[in-house]
Amino acid sequence: MTKTGRADILRAAPLLAALTLLATGCGAQRAGQDAGDAGPSRAAAATPGAPVDFRCPGESAAPTPAPSAASSTPATPPTDHYAENHGFLVPLRLHGQSRCDGLAAAGRIERALEPLRERGDFSPQSTRAALTRLGYADGDVEASQSGPTGVSFLVVAHPLCLEGGIDREKTRADAFGGYPDGTDCRPPSGGH
């Protein structure tokens, strides 16, 4: 058996360090690469980015960007968790072409219901009839009385949901993409 001295260990240390680096790096993949491929992994390539919005036909101003998670998160988290616990009641926003389709549908509905508002016809039956004349199926249209001089409505037009109402002051229609836990454009009855 040979005796190894301190000088031999010091001379072998750089070689040992180099071998360790090579051994740990050998066969390892860099983040975002498939074995034998220099491009991004399939999982990374399939990950969607932020939704894209653009100006829709007839829209006068650029769409307001959705707030980022960083800008909408308060510096100090709320202690009551109200927003977190009621997030299931927040309608899903539309983006891209779906957003443009929703704005166009809401505009058609407002134009169809405005004559009812102008003549003071606040009956759910008239509102329902005007909406079905636009081509929405009778089973996809709901209209209900909202006070003595108002009507609210909901139209299920997959993938769009259209809701709004008419009253003495205005005619309003909004488009959205449903609710996180709801079905057929109706908010869920409970959740967390």
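Caption draft 1: Local environment of helix α5 (residues 96-119). Its 24 residues give α5 an end-to-end C-alpha distance of 36 Å, which sits within 8% of 34 Å, the value for a rise of 1.5 Å per residue. Tucked inside the fold, the buried residues of α5 contact α6 (124-133), β2 (150-157), β3 (160-167) and β4 (171-176). Of the residues flanking the end of α5, it is G120, one or two places downstream, whose phi is positive at about 75°.

Caption draft 2: Molecular detail of the side chain of T127. Along the polypeptide, T127 turns up in helix α6. Judged by its relative accessible area of 1%, T127 is buried.

Caption draft 3: The sheet that holds β2, seen in detail. Strand order in this open sheet of 4 strands is β1-β2-β3-β4, and the pairing throughout is antiparallel. Strands at the two margins of the open sheet, each flanked by one partner only, are β1 (141-145) and β4. Within this sheet the neighbouring strands show an average axis-to-axis angle of 15°, counted without direction. Inspection of the sheet shows β1 paired to β2 by 5 bridges, in the antiparallel sense. Within β2, the position partnered with E142 by the bridge is L154. Packed on one face of the sheet, α5 meets β2, β3 and β4 and runs near 25° to β3. Running over the sheet, α6 touches β1, β2 and β3 and is turned about 155° from β1.

Caption draft 4: Highlighting the nonpolar core. Among the nonpolar cores identified, the biggest contains 19 residues, and I109, L113, L131, Y136, F153, V155 and L162 are the most heavily contacted of them. At the level of secondary structure, the elements contributing two or more residues to this core comprise α5, α6, β2 and β3. Here this core gets 5 residues from one element, more than from any other, and that element is α5. Those residues in contact with V155 that lie beyond four places of it in its chain are L131, Y136, D140, V141, L160, C161, L162 and C185.

Procedures and definitions
Residues numbered from 1 in each chain as written. Predicted model: local features only at pLDDT ≥ 70, side-chain atom pairs only at ≥ 80, totals over all residues. Heavy atoms only, no water. Helix = DSSP H or I, 4+ residues; strand = E, 2+ residues; numbered from the N terminus. Expected span 1.5 Å × (residues − 1). Contact = heavy atoms within 4.5 Å. Buried < 20%, exposed > 50% of the residue type's maximum accessible area, 1.4 Å probe, protein only. Pairing = 2+ DSSP bridges. Axes fitted to C-alpha atoms, helices over the stretch in contact; angles between N-to-C directions. Core = buried A, V, L, I, M, F, W, Y, C linked by side-chain atoms within 4.5 Å.

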